[in-house]
Amino acid sequence: MPRTDLTPPPPLLLAPDGSGLVAEIEAYLASLPAPARTPVPYVPLHGSTLQPWHAGHPLPRATLLDRALRRPARPVPVTAADHLRLASRYIGAHGWLQGAMWDQAGRVCLLGAQTAVLAHGYGTPLTVRTARVQLMEVLHATGRPANSPDEYNDRPTTRQADVHRLLDRAAARAGRLGL
């Protein structure tokens, strides 16, 4: 039956204290588990800071006895995998070169990078030898046989990215083998 009077309908009373809806929503939200916070790497607003090539590894420190006997500090123990990663970082920081171990600008070849890492006090000659065996294993396994990693470094077709890729693969292999 149609309404004949023109009076407006009663207003809806949806006040927060009268309806209980807000309290019900708040109770529901409080019962939910807190969202898991995933750690996000810090990215500075004005770019990243330049990290030294040996970041993450302690600097070799001479002990009091080392200083008294005027001998160099003991080398920082690193694995063959760490040595290969450090060599790659060293090339990235100082530049890559073919045909010589290093030049006046500080660029190095693969052997020069390994020598520099050793000379800066990271690892021992045995570590370098183990790392070079891993380089040779990766070269032969990927169908790029060479007499030495240095020969591969000096090939006209080899680029800096190839050397970094070789070092990364050899480091991964050494890591899997626990070397």
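Placed above this text is the structure.
Bear in mind the structure is a predicted one, so any value in this text is a computation, not a measurement.

Criteria and cut-off values
- Residues numbered from 1 in each chain as written.
- Predicted model: local features only at pLDDT ≥ 70, side-chain atom pairs only at ≥ 80, totals over all residues.
- Heavy atoms only, no water.
- Helix = DSSP H or I, 4+ residues; strand = E, 2+ residues; numbered from the N terminus.
- Contact = heavy atoms within 4.5 Å.
- Phe/Tyr/Trp six-rings, centres within 6.5 Å; stacked < 30°, edge-to-face > 60°.
- Buried < 20%, exposed > 50% of the residue type's maximum accessible area, 1.4 Å probe, protein only.
- Axes fitted to C-alpha atoms, helices over the stretch in contact; angles between N-to-C directions.
- Parallel < 35°, antiparallel > 145°, perpendicular 65-115°, else oblique.
- Left-handed = near helix turned anticlockwise from the far one by under 90°.
- Expected span 1.5 Å × (residues − 1).
- Nonpolar A, V, L, I, M, F, W, Y, C, P; charged D, E, K, R; others polar.
- Polar contact = N/O pair within 3.5 Å; in protein donor to acceptor, adjacent residues only side chain to side chain.

### Quick word on the overall build of the chain
Of the regular secondary structure elements, the chain holds eight helices and zero strands. When its helices and strands are written in sequence order, the chain yields α-α-α-α-α-α-α-α. Residue pairs at least 24 apart in sequence account for 61% of intrachain contacts in the chain once pairs closer than 6 positions are excluded.

### Considering the packing of aromatic side chains
Taken as a whole and assessed by the stated rule, the structure comprises two aromatic pairs. Measuring from centroid to centroid gives 5.0 Å for Trp53 and Tyr90, while their planes differ by 80°, and the two rings are edge-to-face. Of the two residues, Trp53 sits in the loop between α2 (21-31) and α3 (64-68) while Tyr90 sits in helix α4 (residues 80-94), which places them 37 residues apart along the sequence. On the accessibility criterion, Trp53 (10% relative accessible area) is buried. Note on Trp53 and Tyr122: the rings are 5.7 Å apart at their centroids and 75° apart in plane angle, and the pair reads as edge-to-face. With Trp53 in the loop between α2 and α3 and Tyr122 in the loop between α5 (110-119) and α6 (125-141), the pair connects residues that are 69 residues apart, well separated along the chain. A relative accessible area of 1% places Tyr122 in the buried class. Taken together, the aromatic side chains of Trp53, Tyr90 and Tyr122 make up a single cluster linked through ring pairs.

### Regarding the packing of α6 against helix α8 (residues 160-177)
Two numbers describe how α6 lies on α8: the axes approach to 9 Å, and their chain directions differ by 110°. Judged by the inter-axis angle, α6 sits roughly perpendicular to α8. Helix-helix and strand crossings are classified by hand; for α6 and α8 the assignment is right-handed. Across the interface between the two elements, Gln134, Leu135, Glu137, Val138 and Leu139 from α6 touch Leu166, Leu167, Arg169, Ala170, Arg173, Ala174 and Leu177 from α8.

### Side note on α6
Note: α-helices contain 3.6 residues per turn, so residues at a spacing of three or four share the same orientation. The end-to-end C-alpha separation of α6 is 24 Å, in line with the 24 Å expected for 17 residues at 1.5 Å each. Elements in contact with the buried residues of α6: α4, α5, α7 (149-154) and α8. Within two residues after α6, Gly143 carries a phi angle of roughly 75°, on the positive side.

### Some words on the packing of α4 against α8
Between two packed helices, both the angle of their axes relative to each other and the distance between the axes serve to describe the pair. Following both chains from N to C, one finds α4 and α8 inclined at 165°, their axes separated by 7 Å at the closest point. Between α4 and α8, the crossing angle belongs to the class labelled roughly antiparallel. Handedness of the crossing formed by α4 with α8: left-handed. Contact residues: α4 offers Ala80, Ala81, Leu84, Arg85, Ala87, Ser88, Ile91 and Gly92, while α8 offers Gln160, Val163, His164, Leu167, Asp168, Ala170, Ala171, Ala174 and Gly175. Of the residues in the contact of α4 with α8, the class split is ten nonpolar, five polar and two charged.

### Quick notes on the environment of Thr142
Along the chain, Thr142 falls in the loop between α6 and α7. Residue classification places Thr142 among the partly exposed residues on the basis of a relative accessible area of 34%. Along the chain, Thr142 and Leu166 lie 24 residues apart, while their C-alpha atoms are 9.6 Å from each other. Within polar-contact distance, the side chain of Thr142 engages the backbone oxygen of Leu139 at 3.3 Å. Among the polar contacts made by the side chain of Thr142, one reaches the side chain of Arg144 at a distance of 2.9 Å.

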